[in-house]
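Observations on the three-dimensional arrangement
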Amino acid sequence: MPADERRFSIRALLVVAALSILGTVLALEFSGRIVHSDDKARVPVGEFEAIYVGPREDYRMSPKPSQLHAECHGGYLAVASDTDATLKGVLVDYRNRGIHCNPAPRPDTPAKETGTAAGNSDE
């Protein structure tokens, strides 16, 4: 198409597209459709999935580490951010029930015997 047959310039189309996106976001913001939460206690840390690890079954997982770590917090499993020390959340199931964890035994206390040799490798 020759340049003299164009009705609108590319620059004008880009400006109109940017303005319509900005107008849409502002309209949603002022109508209350975009919800902002200042309460960090109610903000989800992330969504997680459990991968079933059965005997002799393969599972696929990304080789890249996440920027989260797990720890035992008050007897429940918590996930905390490696980048933001204030971001920590307790894992819950679909009914908002906490997932229990056993804290790691301290090196100065003996491990409890459970019927198998604790701490021994496969012989």
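The structure reproduced in this document is the subject of the present report. The shown structure was predicted, so the numbers you read here are calculated from the model rather than taken from an experiment. (Residues numbered from 1 in each chain as written. Predicted model: local features only at pLDDT ≥ 70, side-chain atom pairs only at ≥ 80, totals over all residues. Heavy atoms only, no water.)

Turning next to the overall build of the protein. Along its length, the protein carries one helix and three strands. Along the protein, helices (α) and strands (β) appear in the sequence α-β-β-β when read from the amino end. Put simply, the protein has 123 residues, and 7% of those count as buried. Just so you have it, the protein exposes about 11,900 Å², and 56% of that area is on carbon and sulfur atoms. (Helix = DSSP H or I, 4+ residues; strand = E, 2+ residues; numbered from the N terminus. Buried < 20%, exposed > 50% of the residue type's maximum accessible area, 1.4 Å probe, protein only. Areas by Shrake-Rupley, 256 points an atom, 1.4 Å probe, with all protein chains shown as cover.)

We now examine the layout of surface pockets. Within this model, the second largest pocket holds a volume of roughly 200 Å³. A breakdown of the residues in the lining of the second largest pocket according to their chemical character gives six nonpolar, two polar and two charged. (1 Å grid on protein atoms, 1.4 Å probe; cavity = no way out; pocket = protein on both sides within 12 Å on 5 of 7 lines; lining within 4 Å. Points joined across faces, edges and corners; volume = space filled by probe spheres on them. Nonpolar A, V, L, I, M, F, W, Y, C, P; charged D, E, K, R; others polar.)

Once that is clear, we can look at the environment of Gly46. Here Gly46 is to be found in the loop between α1 (10-30) and β1 (68-73). Separated by 43 residues in sequence, Gly46 and Gly89 have C-alpha atoms that sit 8.9 Å apart.

So, on to the sheet that holds strand β2 (residues 76-81). As summarised here, the arrangement of the three strands in space is β1-β2-β3, forming an open sheet in which the pairing is antiparallel. Among the strands making up the open sheet, the edge pair consists of β1 and β3 (88-90). Pairwise comparison of adjacent strand axes, ignoring direction, gives a mean angle of 30° for this sheet. By the bridge criterion, three bridges tie β2 to β3 in an arrangement that is antiparallel. (Pairing = 2+ DSSP bridges. Axes fitted to C-alpha atoms, helices over the stretch in contact; angles between N-to-C directions.)

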